[in-house]
Amino acid sequence: MYGNYLDEAAKIVAAKRDENLKFEHARLTADEKDQLLKEYHPDRIASQFEELKIGPNKGQKAPHELADMLQAKPRIEPDKVNLDHVDYEADVLVIGGGGAGTSAAIMASEAGAKVLLVTKLRVGDANTMMAEGGIQAADKPNDSPAQHYLDAFGGGHFDGKPELVYTLVNKAPSVIKWLNDLGVEFDKDADGTMVTTHGGGTSRKRMHACKDYSGAEIMRTLRDETFNRKDSITVVDFTSAIELIKNSKGEAAGAVLLNMETNEVRIAKAKVVIIATGGAGRMHYQGFPTSNHYGATADGLVLAYRAGAKLLYQDSLQYHPTGAAYPTQILGKLVTEKVRSLGAKLINKDGEVYIHPLETRDVNASGIIREVKNGRGVKNDVQDAVWLDTPMIEMIHGEGTIMKSIPAMYKMFIKYGIDIRKEPILVYPTLHYQNGGVEIDKTCHTSVKNLLVAGEASGGVHGTNRLMGNSLLDVVVFGREAGIEAGKMFKSISTPDGLNLQHVKDFEKERDAAGIKKDLVSPKLLPRYTHGNPEFASSADDQYGRGNDEFKNGAVKN
């Protein structure tokens, strides 16, 4: 029990549970969905966006927080960086150590490339690790990549780039086999057949899961495979890329790196650069909590944009409908969609099922926001929310289902005395996924030569809304594609010469000409949390450019 005022509110849900279990809410029509999104989805709030004044997407809109970073001062002073002193040299430089980055590194090494993988935190400290529900693939007799395509393309409001969606769904079955062969422990029946379930917006059961530790299990396997290739993959952790480097032809040729522990600047030279830096939840757009890992601050978008790469759908974010809304210790933590696919329904304060639990994520997020704004949410001292009636799961599937299928969810709540087998939980949308990013083609090329992008840092795969299970699929499919492509490219590219940062100087001139006066610097690298503590506030003016501390080589701005 909650042991407070919420017990009375939960009793309303319990009293109507039997009735609600039998009730199947009608799916919304296309017009009803459009109206709900128009009125309540955060992406539709015009005041939260601004027009970009400079760069490849000048004139297009972006969230205020992202616009600030895209148009901020670079962290380096180009003339003070010695590009002649190269610290690392490789055929392929991979920036990012999540699912996309490790997949890319593995496939590039398969092709014989010498790979340098640099990661801001540690390999696996990524949104991939935190994904719970599963990974989609149409590999059952009653399904097909064509059906998967229709679900994914339609679920993304038909905004996805067709060639990217085509690649995503057609590579999916082989990716599942690849992961399985590497050692991923997918849920299977006694005869070895993989267990598959539904997700929101799916017309077939094609979600492959590892209980509700799917991302952690996939990341564990990819991380181990990366470390097993020490002869061809060099990993440098706690190191951020803070600027791309170009060669004399204006092609990507490496990166300026910052050691996050020593503040030392290092230079990496490579024939091909792959950005796989993940998402942006820690930007906390519109003040939303987030399910993302600590380093998700849109760094890859900033680096690519400053180098001249175009973005696509940079104004589109995914707010996962079910983030934990109580207690405060887990505010924003992901309550996997698998909870709803197992039968838990969304309930308002009056005990009413107000929407189908497996509508697409943007629709369900908008529905929750509507209920709360219109006074049908459950008021509490953390975040007004709606109920997710988890006890329904074992009423449908039998006792023990929660511990068998979603043990991580049980453990997350039981620490605070909430037994999801017996009590419903409170949920509200959490900032979950960066739908937009750097525009790529089907082999991950950007508008900057020799610069590839894969995973959540890219835009166009999911259109303007992503379906459950297509993110883990995206990072592995396009991580692999980037690695395969880089493995082909490096063999015909000469060692880069004429390394320069002219694009950084040009960017600063463009910034000055546009009259941008803000003193912010980017990429952001890490978020800052002071929690109202004056001591934290004063010490938060730190070495990552948010205050006045000096960097050791004097080349980086604060």
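Placed above this text is the structure.
Residues numbered from 1 in each chain as written. Predicted model: local features only at pLDDT ≥ 70, side-chain atom pairs only at ≥ 80, totals over all residues. Heavy atoms only, no water.

## Considering the nonpolar core
Core analysis: the biggest nonpolar cluster contains 136 residues, and L179 and V335 have the highest contact counts within it. The element contributing the most residues to this core is helix 16 (residues 470-489), with nine residues. If near-sequence neighbours (up to four positions away) are discounted, L179 is found in contact with I135, V184, F186, I218, L222 and V476. Grouped together as the second largest cluster of nonpolar side chains are 17 residues, I76, L121, A253 and L525 included. (Core = buried A, V, L, I, M, F, W, Y, C linked by side-chain atoms within 4.5 Å. Buried < 20%, exposed > 50% of the residue type's maximum accessible area, 1.4 Å probe, protein only. Helix = DSSP H or I, 4+ residues; strand = E, 2+ residues; numbered from the N terminus. Contact = heavy atoms within 4.5 Å.)

## Focus on empty space enclosed by the protein
Going through the model one piece at a time under the given rule, you end up with one cavity of 30 Å³ or more. Considered as a void within the structure, the largest cavity measures approximately 40 Å³ in volume. (1 Å grid on protein atoms, 1.4 Å probe; cavity = no way out; pocket = protein on both sides within 12 Å on 5 of 7 lines; lining within 4 Å. Points joined across faces, edges and corners; volume = space filled by probe spheres on them.)

## Focus on the sheet that holds strand 7 (residues 196-197)
As summarised here, the arrangement of the three strands in space is 6-8-7, forming an open sheet in which the pairing is antiparallel. Looking at which strands have only one partner, the edges of the open sheet turn out to be strand 6 (135-136) and strand 7. When strand 7 meets strand 8 (residues 207-208), the two strands line up antiparallel, connected through two bridges. Looking at strand 8, one finds that T197 is bridged to M207. (Pairing = 2+ DSSP bridges.)

## Brief notes about helix 17 (residues 502-513)
For helix 17, with twelve residues, the first-to-last C-alpha span of 17 Å sits near the 16 Å given by 1.5 Å per residue. The complete set of buried residues in helix 17 reads H503, V504, F507 and R511. Viewed end-on, helix 17 has its buried residues packed into an arc of 100 degrees, placing them on one side of the element. Every exposed residue of helix 17 that faces more than 90 degrees away from the buried side is listed here: K509, D512 and A513. (Expected span 1.5 Å × (residues − 1). Arc of directions from axis to C-beta.)

## What about unusual backbone geometry?
In this chain, Y326 is followed by P327 through a cis amide linkage whose omega measures 0 degrees. By the secondary structure assignment, P327 is in the loop between strand 14 (317-324) and helix 11 (338-341). Unlike most non-glycine residues, K211 shows phi in positive territory, near 50 degrees. One non-glycine residue, Y313, lies in positive phi territory at about 55 degrees. What makes Y313 partly exposed here is its relative accessible area of 21%.

## A few points about the packing of helix 8 (residues 162-182) against helix 16
Look at helix 8 against helix 16: their axes get within 8 Å of each other, and the N-to-C directions meet at 90 degrees. By the angle between their directions, the pair helix 8 and helix 16 is classed as roughly perpendicular. Residues L164, T167, L168, K171, A172, V175, W178 and L179 of helix 8 form the contact with helix 16, whose participating residues are N470, L473, D474, V476, V477, F478, R480 and E481. Here the contact of helix 8 with helix 16 is built from residues that sort into ten nonpolar, two polar and four charged. (Axes fitted to C-alpha atoms, helices over the stretch in contact; angles between N-to-C directions. Parallel < 35°, antiparallel > 145°, perpendicular 65-115°, else oblique. Nonpolar A, V, L, I, M, F, W, Y, C, P; charged D, E, K, R; others polar.)

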